[in-house]
Amino acid sequence: GEDVEQSLFLSVREGDSSVINCTYTDSSSTYLYWYKQEPGAGLQLLTYIFSNMDMKQDQRLTVLLNKKDKHLSLRIADTQTGDSAIYFCAEKYSSASKIIFGSGTRLSIRP
Amino acid sequence: EAGVAQSPRYKIIEKRQSVAFWCNPISGHATLYWYQQILGQGPKLLIQFQNNGVVDDSQLPKDRFSAERLKGVDSTLKIQPAKLEDSAVYLCASSLEGTGGRDEQYFGPGTRLTVT
């Protein structure tokens, strides 16, 4: 089945780390993505991870993948006010280029 | 490099009226996607074009939605007649190839449709 689930909201203090979690159902997914959507804008690809990787780090972003539990997380270190946005987890099947998106997690930053 | 352009940015229509959205992808991108994003949800793929051929339109409500991609470049998405549940943001995206593999999709800003 096709399903990607995320919690709806996350609030963190400026300077702390944010961890956004996602679970997916399709074990054949090849690529897993994190997209960012700011108000009134389209989606922007933040980072992605291949299904044969456990972790990927890119500056302040760390992606962790647990294939056994079908769990993906995005950690944002030193969260800033500019990180306020909706973050979408997405998966891509091995055999097609169709991407399935979760419902998004709204990250808000408090001073 | 210019991004994906969409117009109009906002549209308000009454139910049973018709509406059309336009998308100009990034130059040289072979694949073009139309997504529907209902408030509080993630984008859902409506149709995918590879050049000017349809690759996937399994989620397009074909009784009221239609899309075309002329000469493999610009695309239009039409709704006729519109229903209240069509209120959403319609996102256009393009990618270089669209084949399996890490082929990044670049999104336009979207058209927010309100059906009253």
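Above this text is the structure in question.
These figures come from a predicted structure and were not determined experimentally.

Chemist: Explain the overall build of chain B to me, and be specific about the residues and the numbers.
Modeler: Along its length, chain B carries 0 helices and 11 strands. The order of helices and strands in chain B, counted from the N terminus, is β-β-β-β-β-β-β-β-β-β-β. Its C-alpha radius of gyration of 13 Å places chain B within 12% of the 13 Å reference for a compact globule of 116 residues. Counting all 116 residues of chain B, 47% fall into the buried class. The long-range share in chain B, meaning contacts at least 24 apart out of those at least 6 apart in sequence, stands at 54%. Summed over its atoms, the accessible surface of chain B is roughly 5700 Å², and 50% of this surface lies on carbon and sulfur atoms.

Chemist: Explain the interface of chain A and chain B to me, and be specific about the residues and the numbers.
Modeler: Taken together, the contact between chain A and chain B spans 18 residues of the former and 25 residues of the latter. For the pair chain A and chain B, the summed buried surface comes to about 1600 Å²; carbon and sulfur atoms form 52% of the total. The interface formed by chain A and chain B holds 0 salt bridges in total. For the side of chain A that touches chain B, the leading source of residues is strand S4 (residues 29–37) of chain A, giving 4 residues. A class-by-class count of the residues in the side of chain A that touches chain B yields 10 nonpolar, 6 polar and 2 charged.

Chemist: Would you mind going over the sheet that holds strand S3 (residues 18–24) of chain A in detail, with residue names and values included?
Modeler: Residues and elements named next belong to chain A. Spatial strand order, S1-S3-S8-S7-S6: 5 strands in an open sheet with antiparallel pairing. Each edge of the sheet is formed by a strand with only one pairing partner; in this case those strands are strand S1 (4–6) and strand S6 (55–58). Neighbouring strand axes in the sheet, compared pairwise and without regard to direction, differ in orientation by 15° on average. Sheet topology note: the S3/strand S8 (residues 71–76) ladder contains 6 bridges and is antiparallel. From the neighbouring strand, Cys22 faces S8, where its bridge partner is Leu72.

Cut-offs and rules
Residues numbered from 1 in each chain as written. Chains lettered and ligands numbered in written order. Predicted model: local features only at pLDDT ≥ 70, side-chain atom pairs only at ≥ 80, totals over all residues. Heavy atoms only, no water. Helix = DSSP H or I, 4+ residues; strand = E, 2+ residues; numbered from the N terminus. Rg over C-alpha atoms; globule rule 2.2 N^0.38 Å. Buried < 20%, exposed > 50% of the residue type's maximum accessible area, 1.4 Å probe, protein only. Contact = heavy atoms within 4.5 Å. Areas by Shrake-Rupley, 256 points an atom, 1.4 Å probe, with all protein chains shown as cover. Buried area = accessible area lost by both parts, 1.4 Å probe. Salt bridge = Lys/Arg side-chain N within 4 Å of Asp/Glu carboxyl O. Nonpolar A, V, L, I, M, F, W, Y, C, P; charged D, E, K, R; others polar. Pairing = 2+ DSSP bridges. Axes fitted to C-alpha atoms, helices over the stretch in contact; angles between N-to-C directions.

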